[in-house]
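Notes for the structure review
Each chain, letter by letter, is given below.
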Amino acid sequence: MDTPDRLFSSNEILNILSLSPLATAIYTTEKLIIQTANNAMIGYWGKDKSVIGQLFEEAVPELRGQPFLDLLKKVWRTGENYKAVDTAATLRINGELKTSYFDFTYEAIKNEQGEVYCILHTATDVTERNRHQKVIKDSEEPEQQLNNDIVSIHEELTATNEELAISQNDLKELNFQLETKIESRTRALAESENRLKSMVMTSPIGMTILRGYDLVVEIANHQMLEIWNRREDEIVGKKLMDVFPDLVDQPFPEYLKSVLDTGKKVAMPESAVIITKPGNADKLLYVDFSYDPLFDTEGRCVAIMATVIDVSDKVVSRRAIERSEKEQQALNEELSATNEELASANEELITANEELAETQQSLKDILVRLSDSEVKFRASVEQAPVAIGVFSTRDMIIESANEMILQLWGKTSVIIGLPLAIALPELDGQPFLQLLDNVFTSGRTYYGNEAKVSLVRNGILGDYYFDFIYKAIKDSYGDVTSIMVIAVEVTEQMKARNELQKAEQMLRLSLEAANIGTWSIDPETNSLRTTPRLRELFGYDPDKEMTFDEAIAEVTDEYRDKILTEIDNAIKTGGDYDFTYTMRRFNDGKIIWLRSLGKVTNDEAGNMESFSGVVMDITEQKEDELRKNDFIGMVSHELKTPLTSLSAIVQMLAGKARSSNDNFTAVALDKAYTQARRMSSMINGFLNISRLESGKININKQKFKLDELLREMIDETLLTAASHLITLQTVKALTVYADQDKIGSVISNLLSNAVKYSERGTTINVNCSVENNQAIVSVKDTGLGIKPQDIDKIFDRYYRIENNNTRHISGFGIGLYLSAEIVQRHNGKIWVESEIDKGSTFYFSLPLG
C-alpha cells in the first residue's frame, strides 16, 4: 500500500533532534527524501544544510555502490529496523573521498495503522575505536606495553560504550517522542505552550491566555493581575465572564468571540474598560490591547493570547491638556468676536449660498449634456470640475471615480473595481447604500442637500456635509445599468453657518460680560462716544465722557501719529480698522497694550454712516510674547556655542578622513556638516526674530559691494545645493550703505527657498539692477509657484504654504518674515511675482548712498 507523503516542518522536528548527542536524520517517502538532519549527521556526510529536502542518493552520491541505499529501501518496504556496527563508509569530506567507520541504526517509524511514514537514522563515528583495534593487532611492543595499551583501549571502549548506551537511551527517548507525536499531535505543542506560558509570566506588560469559547483563564502574569485587581487564585482556571460578569455590557466578549470564530487578530488602542471587584468601587481604565489567536495542529483557533497595556495616565493627561487647550482657544475666539467678523461671516455665507446655487445648476447642466459615448463619458468624469463617480450593477461596483470624489471619500484609486460597501465600510448603518438601491430599482433621480456623512479620512472617522445627486443611467431598453453620483462638499458652509450663529450669540454675551470696551465716532461732529468699560480700560472716570483728543493724547509717542493715520485711512477708504498700540492709563500712568478694531459703515449714497468698533486690553498677551521671545533668544544663544564646536569638529574629522583616503567617512561627515549649517541657520533665524520683536536687533550699516556679496552667497549656497545651477546675470560694481551680514542673510534665504521649492537640475537666475536710485535684487526659480491667495501672507511670521507638494519640505516660516523685517528696516521693499507650476521671482530693493 502506498503511504501518503507526510512532510514535517524542519523547524518543528529540529528542536527535538538538536537535543540528541547522536548524529540523526529523518527520511520520508520511498524515494528517501531527507526531511531533516542535525548538524552532527550533516557533518558526517561532509555537506551543509542545503541537502535537506533532497533525495538521499542525490545529496550524498558517493554512497551509490555502497550497501546503505539498499538497506534503507528494505527497511521502508518491510518495516523492520536495521542495526550495524563498525561499518565502513566512504564519504567525500572537503573534496576528498575518505573512509570512516560507523555504528548506526535505521528505525522504521510507523503511524497508528502500522504503515511506515519515515525512517529515523542515527549514527556514531567509531573510526578511532577501529584504529585502536588495528594498533592492538599490529603491535610488536613488549607484553607489558601491550597490556597497558589494552587496558587503555578497554577504558576508552568502556567510555565509548557508556556514551553509546546514553545515546541509545536518547534514541529511545527520541523515538518515544516521535511516536507520541503520531498518537496525539496536541502533545507536541506542550513544550511550545510551556515556553509561551514562560514568556507570558516574564513579560513586563499584562498578558494572559484564555482557552476555548468559555474563555477559561489558563495563565495570567503579575501585570495582568494588577490590571484586573485580582489575585491569581481568584481567576486562574475560571471562566473570564464568571469573574468579570460586568464585561457583558462591554465590547470585549464580542472581540474575543470574533478572534475564536475567524482566527484573526483584534487590536484596539486606548479602549475604555470598567473593572469591578466586590466591595470596591468600579475602576475605569484605558488600555491598549491585542487579542492574538493560538492554533492547534489542525489549524483551529483554540485559545487567545491577550496582551494589555494600561495607558490610563497617558490618556487622562492628554485629554486634560486637550480640554485645557480647547477651553483656552474658545476663550480667545470669544474675546476676538467683533462686528466686523459677523459682517464678514454673513458675506461669506451669502457668497457660499450663491456658489452652491451655481454649483447645483452646473451639476444639472452636466447631467443634461452627458454624451452616450463611453469614451467621452469617462473623459468627462475624469476632467469634471466637480466630484463624480459611477457605480455599476446592484452591488454598486465602483466603475469610475475622478480625483475630486476620491479626495472627498479620503481614498485612492485602488478602490476602483470594489463594491462601494467594501471600499467605504463606514457607510454601514448610514442611509446612502439603501438610497442607491432605491434609485437602481426605481430609476428616479435622488437629490440630497446638506446631508451628513461619516467618512474615514487620513485614518480618522469624521462627520462631513454634502449636496449630492444620484442619477440612474439607463441602457437603450430603459433598464438601469449604473448610477452616477455627483457631490459637492458643503462642510465649510455648514460650519460657517454654525459659526455665524455661535458668533452672534457669543457677541451678545461678550459685550455684556467680557473685558471689552466699545466706541463710535460721529461722522458729522467727529465726537467720540465710549462705553463705561472702555473708559475703565483707559483708567478714565467711567461716569464721565472722554473726548477724542483726550484719548489720543494718552497714546505713547511712537504710536500716536500711526493711529491717527490708520483712523484717517479707514474713514477715507471705507475699509476696516485694526491697530495695536500702547498708551498710558489716565489714573496711574501705567503703560498698557491695546488692540482696537473698527469698521466704517456707509449709507446707500456712499457716505459714512458710522465708524464703530471695540477695544481690548492685550497687555498680558504681549508680555507673554515678550517672555516667549526672551526664552527663544536665550535657548537659541545657548545652542549656538555647542553647535559651532560640533561643526568645527566635523570639519576637522572630514579633513582627517580625506587625508587617510576614507571617502565614505568624509562624505558622511560632509553631510553632517551640511545639516549642522542648516541647524545653525535656523537657530540664527529664531535668535534674530527674538531680537527683532524685543527691539534688540541692531542694523550696523556700512558701505560694501553688493555685487561681491551676491557672488559670495551664491558660492556658499552651492556648497550645500550642488543639485541646482545658480547663475548671476552680468552685474556692474554696485556699492550700497547697509548691514552687510543681514543683507547677506536675506540673499541666502531667498536662494535657499528657490532650491527647496524647485526641482533638482533646474536653473536659478539671480540679477541685480538699479532703478530710481534703488538697487533691486531678484532671485528667479522655475519651481512650484505660489497661489495668489498666499502671496499676501507669504511674508507673515510662521506662515507656510501647506499642500501635498510642500509637506516634505522642512521649515518654520521664519525666513521670509525675517527677510522682510530686515529690508523694511533699511527703508527698502520686498515682494514676489509668481505663477503656479511656472515658478516665482522674489525681489527686494535697497536705497543707494
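Heads up: the structure comes first, above all this text.
What comes next is a walk through the structure. Every value quoted in this text rests on a predicted model; they were computed, and no experiment measured them. (Residues numbered from 1 in each chain as written. Predicted model: local features only at pLDDT ≥ 70, side-chain atom pairs only at ≥ 80, totals over all residues. Heavy atoms only, no water.)

Comments concerning the overall build of the protein
Our working rule: Secondary structure elements are defined from DSSP: runs of H or I of at least 4 residues count as helices, runs of E of at least 2 residues count as strands, and each element is numbered from the N terminus. Working definition: with a 1.4 Å probe on protein chains only, accessible area under 20% of the residue-type maximum means buried, over 50% means exposed, and in between means partly exposed. Each accessible area is a Shrake-Rupley result for a 1.4 Å probe, and residues are judged covered by the shown protein chains and nothing else.
Along the backbone of the protein there are 26 helices and 27 strands. Out of the 849 residues in the protein, the part that is buried amounts to 39%. Put simply, the protein shows about 48,300 Å² of open surface, and 50% of that area lies on carbon and sulfur atoms.

Regarding the packing of helix H23 (residues 706–720) against helix H24 (residues 740–756)
To keep things clear, this is the line we draw: Helix axes use the C-alpha atoms of the stretch in contact, all axes being lines fitted to C-alpha atoms, and the angles between their N-to-C directions lie in the range 0 to 180 degrees. Angles are sorted into four bins: roughly parallel if under 35 degrees, roughly antiparallel if over 145, roughly perpendicular if 65 to 115, and oblique for all others. A crossing counts as left-handed when the near helix is turned anticlockwise from the far one by less than a right angle, and as right-handed when that turn is clockwise. Working rule for contacts: check all heavy atoms of both residues, and any pair within 4.5 Å makes them a contact. Gly counts as polar in this scheme, as do all residues outside two lists: the nonpolar Ala, Val, Leu, Ile, Met, Phe, Trp, Tyr, Cys and Pro, and the charged Asp, Glu, Lys and Arg.
One way to put it is that H23 packs onto H24 with a least axis distance of 10 Å and a crossing angle of 45°. By the criterion of interaxial angle, the relationship of H23 to H24 is oblique. Helix-helix and strand crossings are classified by hand; for H23 and H24 the assignment is right-handed. For the pair H23 and H24, the contacting residues are Leu706, Leu709, Leu710, Met713, Ile714 and Thr717 in the first and Gln740, Ile743, Gly744, Ile747, Ser748, Leu751 and Val755 in the second. Split into classes, the residues belonging to the contact of H23 with H24 amount to nine nonpolar, four polar and no charged.

Considerations on the packing of aromatic side chains
Heads up, the rule is: The rule is short: rings of Phe, Tyr and Trp, with Trp giving its six-membered ring, pair when the centres are within 6.5 Å, and they are stacked under 30 degrees, edge-to-face over 60, tilted in between. Placement of a charge over a ring requires the Lys NZ or Arg CZ to be within 6 Å of the ring centre, with the centre-to-atom vector within 35 degrees of the ring normal.
Using the criterion set out here, one finds 26 aromatic pairs in the structure. On the basis of an interplanar angle of 75° and a centroid distance of 4.9 Å, the ring pair of tyrosine 540 and phenylalanine 586 is categorised as edge-to-face. Of the two residues, tyrosine 540 sits in the loop between helix H18 (532–537) and helix H19 (548–553) while phenylalanine 586 sits in the loop between strand E18 (576–584) and strand E19 (591–602), which places them 46 residues apart along the sequence. Assessed through its relative accessible area of 17%, tyrosine 540 is described here as buried. Judged by centre distance (5.9 Å) and plane angle (80°), the ring pair of tyrosine 577 and phenylalanine 611 falls under edge-to-face. Within this pair, whereas tyrosine 577 is found in strand E18, its partner phenylalanine 611 is found in strand E20 (residues 608–617), the two being separated by 34 residues in sequence. Residue classification places tyrosine 577 among the buried residues on the basis of a relative accessible area of 3%. One aromatic cluster in this structure is built from Phe68, Tyr82, Phe104 and Tyr106. Here arginine 457 stacks its cationic end above the ring of tyrosine 464, 3.9 Å away from the centre of that ring.

Observations regarding the sheet that holds strand E24 (residues 763–771)
Note the cut-off: In this analysis, strands are considered paired if DSSP registers two or more bridges between them.
The strand order across the open sheet built from five strands is E22-E24-E25-E27-E26, with neighbouring strands paired in mixed fashion. Only two strands of the sheet have a single neighbouring strand rather than two, namely strand E22 (725–728) and strand E26 (829–835). Taking the axes of each pair of neighbouring strands and ignoring which way they run, one obtains an average angle of 15° across the sheet. Note that E26 and strand E27 (residues 839–847) share seven bridges and pair antiparallel. Residue pairing in the sheet places tryptophan 831 in a bridge with tyrosine 843 of E27. Each of E22, E24 and strand E25 (774–780) touches H23; the most contacted strand, E22, lies at about 175° to it. Sheet strands touched by H24: E22, E24, E25 and E27. Its angle to E27, the strand with the most contacts, is close to 175°.

Things to note about the sheet that holds strand E13 (residues 446–457)
Strands pair in a sheet through their backbones, by hydrogen bonds, and they do so in one of two ways: parallel or antiparallel. Spatial ordering of the open sheet is given by E12-E11-E15-E14-E13, a layout of five strands whose pairing is antiparallel. Every interior strand has two partners, whereas the edge strands, strand E12 (397–401) and E13, have only one. With strand direction ignored, the average angle separating the axes of adjacent strands in the sheet is 35°. Looking at chain direction, strand E11 (residues 387–392) and strand E15 (residues 480–489) are connected through six bridges and run antiparallel. Note on E15: the bridge partner recorded for valine 390 is methionine 484.

A closer look at the pattern of salt bridges
Quick reminder of the rule: Salt bridge, as applied in this entry: a Lys or Arg side-chain nitrogen positioned within 4 Å of an Asp or Glu carboxyl oxygen.
Following the criterion strictly, the structure yields 25 salt bridges and no others. Among the ionic pairs, aspartate 214 bridges to lysine 239, the shortest N-O distance being 4.0 Å. Taken together, the positions of aspartate 214 in the loop between strand E6 (206–211) and strand E7 (216–220) and lysine 239 in the loop between helix H8 (222–228) and helix H9 (240–243) put the pair 25 residues apart, joining distant regions of the chain. Looking at aspartate 214, the relative accessible area reads 47%, which means it is partly exposed. Classification of lysine 239 by relative accessible area gives partly exposed; the value is 35%.

Let's talk about the pairing of E18
Note that E18 and E19 share nine bridges and pair antiparallel. Within the sheet, the bridge partner assigned to tyrosine 577 lies in E19 and is glycine 598. Between E18 and E19, which follow one another and run antiparallel, lie six residues, and glycine 589 among them has a positive phi close to 70°.

Details of the nonpolar core
A general feature of soluble globular proteins is that nonpolar side chains tend to end up buried together. How we decide: Take the buried Ala, Val, Leu, Ile, Met, Phe, Trp, Tyr and Cys residues and link them wherever side-chain atoms come within 4.5 Å; each set so joined is a nonpolar core.
Core analysis: the largest hydrophobic core is formed by 38 residues, its most contacted members being Leu706, Ile743, Ile747, Leu751, Phe795 and Phe844. It is H24 that contributes the most residues to this core, seven residues altogether. With residues near it in sequence (within four places) discarded, isoleucine 747 still touches Leu706, Leu709, Leu710, Met713 and Phe844. Judged by nonpolar contacts, the second largest core, of 31 residues, contains Ile398, Ile415, Leu435 and Tyr464.

As for the side chain of arginine 230
Worth spelling out the cut-off: Lys and Arg are tallied as positive, Asp and Glu as negative. Neither His nor the chain termini are counted. Whenever a nitrogen or oxygen atom comes within 3.5 Å of another N or O atom, the pair is scored as a polar contact, on the condition that within protein one atom can donate a hydrogen and the other can accept it, and that pairs from neighbouring residues in sequence are kept only if both atoms are in side chains.
Looking at the element boundaries, arginine 230 is found in the loop between H8 and H9. The buried charged residue arginine 230 lacks any salt bridge partner; its closest oppositely charged side chain belongs to glutamate 234, at an N-O distance of 4.7 Å. At a separation of 3.2 Å, a polar atom in the side chain of arginine 230 contacts the main-chain carbonyl oxygen of tryptophan 228. Once residues within four sequence positions are removed from consideration, arginine 230 is found in contact with Leu225, Val243, Phe244, Ile275, Thr276, Lys277 and Pro278.

Describing the packing of H24 against helix H26 (residues 815–825)
Where H24 contacts H26, the two axes come as close as 9 Å, and the packing angle between them is 145°. Where H24 crosses over H26, the two elements pack in a sense that is left-handed. Facing Lys742, Ile743, Ser745, Val746, Asn749, Leu750 and Asn753 of H24, the residues of H26 in contact are Gly815, Leu816, Ser819, Ile822 and Val823. Of the residues belonging to the contact of H24 with H26, the class tally is six nonpolar, five polar and one charged.

Considerations on the environment of aspartate 292
Tracing the backbone through its elements, the reader meets aspartate 292 in strand E9 (residues 283–295). Exposure remark for aspartate 292: the relative accessible area of 21% places this residue in the partly exposed category. Between the alpha carbons of aspartate 292 and leucine 260 there is a distance of 9.5 Å; along the sequence they are 32 residues apart. For aspartate 292, the contacting residues outside a window of four places in its chain are Val259, Lys265, Ala303, Ile304 and Met305. Only 2.9 Å separates the side chain of aspartate 292 from the side chain of serine 290, close enough to count as a polar contact.

Describing a nonpolar patch on the surface
The condition that has to hold: For patch building, the residue pool is restricted to those with more than 30% relative accessible area and no salt bridge; the joining distance is 9 Å between like charges and 5 Å between nonpolar side chains (Val, Leu, Ile, Met, Phe, Trp, Tyr).
A surface patch of nonpolar side chains, amounting to about 290 Å² of accessible area, comprises Ile649, Met652 and Leu653. For isoleucine 649, a relative accessible area of 43% corresponds to the partly exposed category.

Focus: the pairing of E6
The two faces of a sheet get side chains in turn, since along a regular strand they alternate between them. With five of six residues buried, E6 lies mostly within the body of the structure. Two strands pair when backbone bridges link them, and E6 and strand E10 (residues 301–310) are joined in this way by six bridges, in the antiparallel orientation. Residue leucine 210 lies in a different strand from E10, and its bridge partner there is isoleucine 304.

Details of unusual backbone geometry
Unusually for a residue other than glycine, asparagine 229 sits at a positive phi of about 65°. You will see that threonine 393, though not glycine, has its phi angle at about 60°, which is positive. Given a relative accessible area of 38%, threonine 393 falls into the partly exposed group.

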